[in-house]
Amino acid sequence: MRRITNKKLRCATTLLLVPAWLVLGGCATADVAMKLAPELAATTALPVTGRNQWNQLEFGHWHVSMPAPYRMDGWQIAGTPRFVPANAELSVKAERASLEFEIVADAPESRPASAGCLAQGRFASLTTFHARSEDETSVTIPGYPRLDCEFTGAHAGTLTLRADFATQIDLGGARFGAEHWLVRSVNTHAQQRGNFPLTRFGYEITLGNRVVAAVETYGAGRVWVLPELSREQQEQVSTVAAALLYYGTLLDLQDA
């Protein structure tokens, strides 16, 4: 499996697999919407603003009051093991990005929740050198990319996500005390007839057997939250939604 970055993947899969209406105006500006669960069909979408790390992230009546710049580091090793041809080189690369933020609702009684998140990617690449050219094939190592967050303050909890190797669908969950939310990436768009996974368009959040919230990370971003959730549950969802929005941005930075 060749590793194609998020931005390249969006263009490549658009050109190869999705209807022609998506390519009008180019990959970056196409009006792509993630496939929304039926439970949220009647729920109003909350537009997202300020996804850039230097701006204030906002959606609905929630906003990040203490954004922090991303801290990125990593390492890479390369060599020619015995099983690799003499004209080739094998390398393994690890990338890490971390950030902290504080989110609060625009309400007098609301207390802020703080988050510390770590996103990680790990890749193996084989470069074959020819007389006048070279070929590189990269794969994402199983279990990556991954996200781990710890929440403190008003809503103490955790969020973990791991990517499935074959489909690159993220699976995981968030825990706040006895409350357990399942989190799964949505890798199909609204106009797609089948369920073939393309790229991460966003995430859906499930409580019990019901999808109660969704976060679109493709483009500017949107958030859906069922209004019948309790205030406490909505606050928990907003904290997870902010982390997922930042994660989508971190994946783009990783692939830049």
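Since the structure is predicted, the reported quantities are computational estimates derived from the model, not experimental observations.

Moving on: the state of the cysteines. Within this structure, the stated rule accounts for 1 disulfide. Across a sulfur-sulfur distance of 2.1 Å, cysteine 117 and cysteine 149 are joined as a disulfide pair. Measuring handedness by torsion sign, the sulfur bridge of cysteine 117 and cysteine 149 sits at about 115° and is right-handed. With cysteine 117 in strand E6 (residues 113-129) and cysteine 149 in strand E8 (residues 146-153), this pair connects stretches of sequence that are 32 residues apart. When sorted by exposure, cysteine 117 lands in the same class as cysteine 149, which is buried.

On average, residues of the chain score 81 in pLDDT, and 84% of them reach the 70 mark or higher. Note on residues 1-30: pLDDT is under 50 here. Beyond four places in sequence and across chains, it has 49 contacts.

What follows covers the pairing of E6. Judged from the 16 bridges that link them, strand E5 (residues 88-105) and E6 form a sheet pairing that is antiparallel. What sits directly across from alanine 97, in E6, is alanine 119. The pairing of E6 with E8 spans 8 bridges and is classified as antiparallel. The residue of E8 that forms the bridge with alanine 115 is phenylalanine 151. Where E6 and strand E7 (residues 134-140) come together, 7 bridges link them in antiparallel fashion.

Here the focus is the side chain of threonine 249. Inspection of the secondary structure puts threonine 249 in helix H2 (residues 231-255). Owing to a relative accessible area of 16%, threonine 249 belongs among the buried residues under this scheme. A polar side-chain atom of threonine 249 sits 3.3 Å from a polar atom in the side chain of arginine 51. Among the polar contacts made by the side chain of threonine 249, one reaches the main-chain carbonyl oxygen of leucine 245 at a distance of 3.3 Å. Not counting the four nearest positions on each side in its chain, threonine 249 is found in contact with Arg51 and Tyr70.

Formed by 54 residues in total, the largest nonpolar core has its most connected members in Phe59, Phe101, Leu159, Val240 and Leu244. Top element by residues in this core is H2. It accounts for 11 residues. Apart from the residues lying within four places of it in its own chain, the contact partners of phenylalanine 59 are Leu46, Pro47, Val48, Ile103, Val223, Ser238, Ala241, Ala242 and Leu245.

Looking now at the packing of aromatic side chains. Considering all chains together, one arrives at 4 aromatic pairs under this definition. Measuring from ring centre to ring centre gives 5.1 Å for phenylalanine 101 and tyrosine 246, while their planes differ by 45°; the resulting arrangement is tilted. In this pair, phenylalanine 101 sits in strand E5 while tyrosine 246 sits in helix H2, placing the two residues 145 residues apart along the sequence. This pair shows no difference in class: phenylalanine 101 is buried, exactly as tyrosine 246 is. Relative to tyrosine 218, the ring of phenylalanine 201 lies with its centre 5.3 Å away and its plane at 40°, an arrangement referred to as tilted.

About the thresholds
- Residues numbered from 1 in each chain as written.
- Predicted model: local features only at pLDDT ≥ 70, side-chain atom pairs only at ≥ 80, totals over all residues.
- Heavy atoms only, no water.
- Disulfide = S-S within 2.5 Å.
- Helix = DSSP H or I, 4+ residues; strand = E, 2+ residues; numbered from the N terminus.
- Buried < 20%, exposed > 50% of the residue type's maximum accessible area, 1.4 Å probe, protein only.
- pLDDT = per-residue confidence, 0-100.
- Contact = heavy atoms within 4.5 Å.
- Pairing = 2+ DSSP bridges.
- Polar contact = N/O pair within 3.5 Å; in protein donor to acceptor, adjacent residues only side chain to side chain.
- Core = buried A, V, L, I, M, F, W, Y, C linked by side-chain atoms within 4.5 Å.
- Phe/Tyr/Trp six-rings, centres within 6.5 Å; stacked < 30°, edge-to-face > 60°.

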